[in-house]
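Structure at a glance
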Amino acid sequence: MELENFGVALEALMASGAANYGDCESIEELHRLHARFESFVTEATAAFEVGEEWAAEGAKTAASWLATRCHVSRRVAKRRVRLGRTLRHLPECARAWREGAIGIDQAQALASARRHRTEASMDRDETMLVAQATELGFEDFNRALDYWTQLADPDGADAADEERKARRDVFVESSLSGMWLGQMTLDPVSGSIVSNELNRLEHALFEADCAAAKERLGHTARIDELARTSGQRRADALVEMATRSRSAPVEGIRPAPLFSVFVGYETLHGRICELENGTVLAPSALEPWLDSAYFERAIFTLGNRVDVSVRARLFSGGTRRAIELRDRICTHPHCYEPAESCQVDHIETYASGGETTQENGRLLCGFHNRLRNQREHQGEQRQRPPPSAA
């Protein structure tokens, strides 16, 4: 009966028109209700598995019945059944999901972290972890959960890192048309090395394309006016990497740094071991690199710091690097652009007397930096008095 009532209410909601719910408040509420409904479906699926009604139709498992009758992939069906099964051991997670405080991504992450060797720790820390899931963005929560997993099961973390490294694979093959096709799977450290260099070369090619287009057109070019697309520049950057590798001597001096890792002193800040992009590593993953590592110290404290001149126009040197390490991504709440693609912006503008210091600096991607400047310019125009009559 209640399910029929829900169907009627859903029909009425849909008939009212989705366009009427396109505001921020409605979208947030819709996602909260969607999370609650997914929680209900998952718990009902767990009850369905226990009841074994699916066996009467000859299905081997509840997941196989779901895949056939509900038209979902077997992967999704298995994940739903497994999640419902695990939720019985995660009452706080189930409650928060049922209330719409977290979604399926957080619930799935918590369920995946509960393994045989972490059961006791999860029983002890579940309330704390659920609180973090409700307060943090998903990426930050996932990072915190990775650290918790390392502490709860350090041997398992080392084994998982070795397993990730063992899955590395690259292939490049020529197709019938003569085009070359490829794919790569790299562990976090190796992937960071390749990605950093590929991005660096692609950015250099982008700057060259912008300069050539400006000279050709006589004005700053739009993206669609450049000679190459982003994908074409990345392809050319990969060829450039191979060309430089071929021309470099085998015993040549290695560039540094190839990648950046954040490592914290246990007594000062707790366990920290992650790449600059936020990927959490097991400390054992760094062992092969330590004999050729360069160490960069960055201590974030109010005293004993060195800044460039507080009235310098642009952030540079140690001050810029400190802000990149501190923020790591664009500081706009709806943006995740990495530091290498961002600009360092004055919080209090330079024109209004803002100083070029760490406290007054922040990372903003080009889009959000321009957006801020446009809004401030529009605000100045609104405040500007109308010109007097001639």
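Scoring rules and cut-offs
Residues numbered from 1 in each chain as written. Predicted model: local features only at pLDDT ≥ 70, side-chain atom pairs only at ≥ 80, totals over all residues. Heavy atoms only, no water. Phe/Tyr/Trp six-rings, centres within 6.5 Å; stacked < 30°, edge-to-face > 60°. Helix = DSSP H or I, 4+ residues; strand = E, 2+ residues; numbered from the N terminus. Buried < 20%, exposed > 50% of the residue type's maximum accessible area, 1.4 Å probe, protein only. 1 Å grid on protein atoms, 1.4 Å probe; cavity = no way out; pocket = protein on both sides within 12 Å on 5 of 7 lines; lining within 4 Å. Points joined across faces, edges and corners; volume = space filled by probe spheres on them. Polar contact = N/O pair within 3.5 Å; in protein donor to acceptor, adjacent residues only side chain to side chain. Patch = residues over 30% accessible without salt bridge, like charges linked within 9 Å, V, L, I, M, F, W, Y side chains within 5 Å. Areas by Shrake-Rupley, 256 points an atom, 1.4 Å probe, with all protein chains shown as cover. Salt bridge = Lys/Arg side-chain N within 4 Å of Asp/Glu carboxyl O. Lys, Arg positive; Asp, Glu negative; His and termini not counted. Charge placed at Lys NZ, Arg CZ, Asp CG, Glu CD. Pairing = 2+ DSSP bridges. Axes fitted to C-alpha atoms, helices over the stretch in contact; angles between N-to-C directions. Parallel < 35°, antiparallel > 145°, perpendicular 65-115°, else oblique. Left-handed = near helix turned anticlockwise from the far one by under 90°. Contact = heavy atoms within 4.5 Å. Nonpolar A, V, L, I, M, F, W, Y, C, P; charged D, E, K, R; others polar. Core = buried A, V, L, I, M, F, W, Y, C linked by side-chain atoms within 4.5 Å.

Attention now moves to the packing of aromatic side chains. Inspection of the entire model under this criterion finds two aromatic pairs. Centroid distance F6 to F37: 5.1 Å. Interplanar angle 15 degrees. Geometry classified as stacked. Taken together, the residues F6 in helix α1 (residues 2-15) and F37 in helix α2 (residues 24-51) connect sequence positions 31 residues apart. On the basis of relative accessibility, which here comes to 38%, the residue F6 falls in the partly exposed class. Note on F37: relative accessible area 38%, which makes it partly exposed. Seen in terms of ring centroids, F48 and W65 are 4.8 Å apart; in terms of plane orientation they differ by 50 degrees. Their pairing is tilted. Linking F48 in helix α2 with W65 in helix α3 (residues 62-69), this pair joins segments that are 17 residues apart in sequence. We classify W65 as buried; its relative accessible area is 16%.

As a further point, take the environment of L33. One can find L33 in helix α2. Judged by relative accessible area, L33 falls into the partly exposed class, the value being 41%. A C-alpha to C-alpha distance of 8.6 Å links L33 and E99, two positions 66 residues apart in sequence.

Bringing the layout of surface pockets into the picture now. Considering only enclosed or pocket space, the second largest pocket measures out at about 640 Å³ in volume. Residue lining of the second largest pocket: 15 residues in total, with F6, L33, R36, F37 and F40 positioned closest to the centre. For the lining of the second largest pocket, the elements supplying multiple residues, two or more each, are α1 and α2.

Turning to the side chain of T356, a few remarks are in order. Tracing the backbone shows T356 in the loop between β5 (342-346) and β6 (361-365). We classify T356 as buried; its relative accessible area is 0%. Of note is the side chain of T356, whose polar atom sits 3.0 Å from the side chain of H346.

Next up on the list: a positive patch on the surface. Among the surface-exposed residues, R74, R75, K78, R79 and R82 lie close enough to one another that they form a single positively charged patch. Within the secondary structure layout, R79 lies in helix α4 (residues 74-87). Judged by its relative accessible area of 33%, R79 is partly exposed.

We now examine the pairing of strand β2 (residues 180-185). Walk down a regular strand and you will see the side chains alternate between the two sheet faces. Burial of β2 is sparse: only zero of the six residues sit out of reach of the surface. Alignment of strand β1 (residues 169-174) against β2, held across six bridges, turns out to be antiparallel. When the bridges of β2 are listed, V170 appears paired with M184.

This part takes up the pattern of salt bridges. The tally for this structure, following the rule as stated, stands at 24 salt bridges. A salt bridge links R326 to D327, with the nearest nitrogen and oxygen atoms 2.9 Å apart. For D327, a relative accessible area of 18% corresponds to the buried category. Of the charged contacts, one joins R372 and D345 as a salt bridge, the two residues approaching to 2.4 Å between their closest N and O atoms. Of this pair, R372 sits in helix α14 (residues 366-383) while D345 sits in strand β5, and the two are 27 residues apart along the sequence. Judged by its relative accessible area of 9%, D345 falls in the buried class. Here the salt bridges share partners, and the residues they tie into one network are E202, D209, R228, R233 and D236.

Further remarks concern the packing of α3 against α4. The interhelical angle for the contact between α3 and α4, taken along N-to-C directions, is 135 degrees, at an axis separation of 8 Å. What the angle tells us is that α3 and α4 run oblique. The two elements α3 and α4 meet at a crossing, and its hand is right-handed. The residues of α4 that touch α3, namely those facing A62, A63, L66 and A67, are R74, A77, K78 and V81. Here the contact of α3 with α4 is composed, by residue class, of six nonpolar, no polar and two charged.

With that out of the way, let us pick up unusual backbone geometry. When glycine is set aside, most residues are seen to have a negative phi, and most peptide bonds are trans. Positive phi, normally seen in glycine, also occurs at E52, with a value near 60 degrees. Among the secondary structure elements, E52 is positioned in the loop between α2 and α3.

Our focus in this paragraph is the nonpolar core. Core analysis: the biggest nonpolar cluster contains 22 residues, and C93, W97, L110, L145 and W148 have the highest contact counts within it. Take this core: its biggest share by element is five residues, from helix α6 (residues 104-113). Every residue in contact with W97, bar those within four places of it in the chain, is listed here: A35, R36, E38, S39, T42, L83, L87, I102, G103, I104 and A107. Counting 10 residues, the second-largest nonpolar core is a separate cluster that includes C330, C335, V344 and L364.

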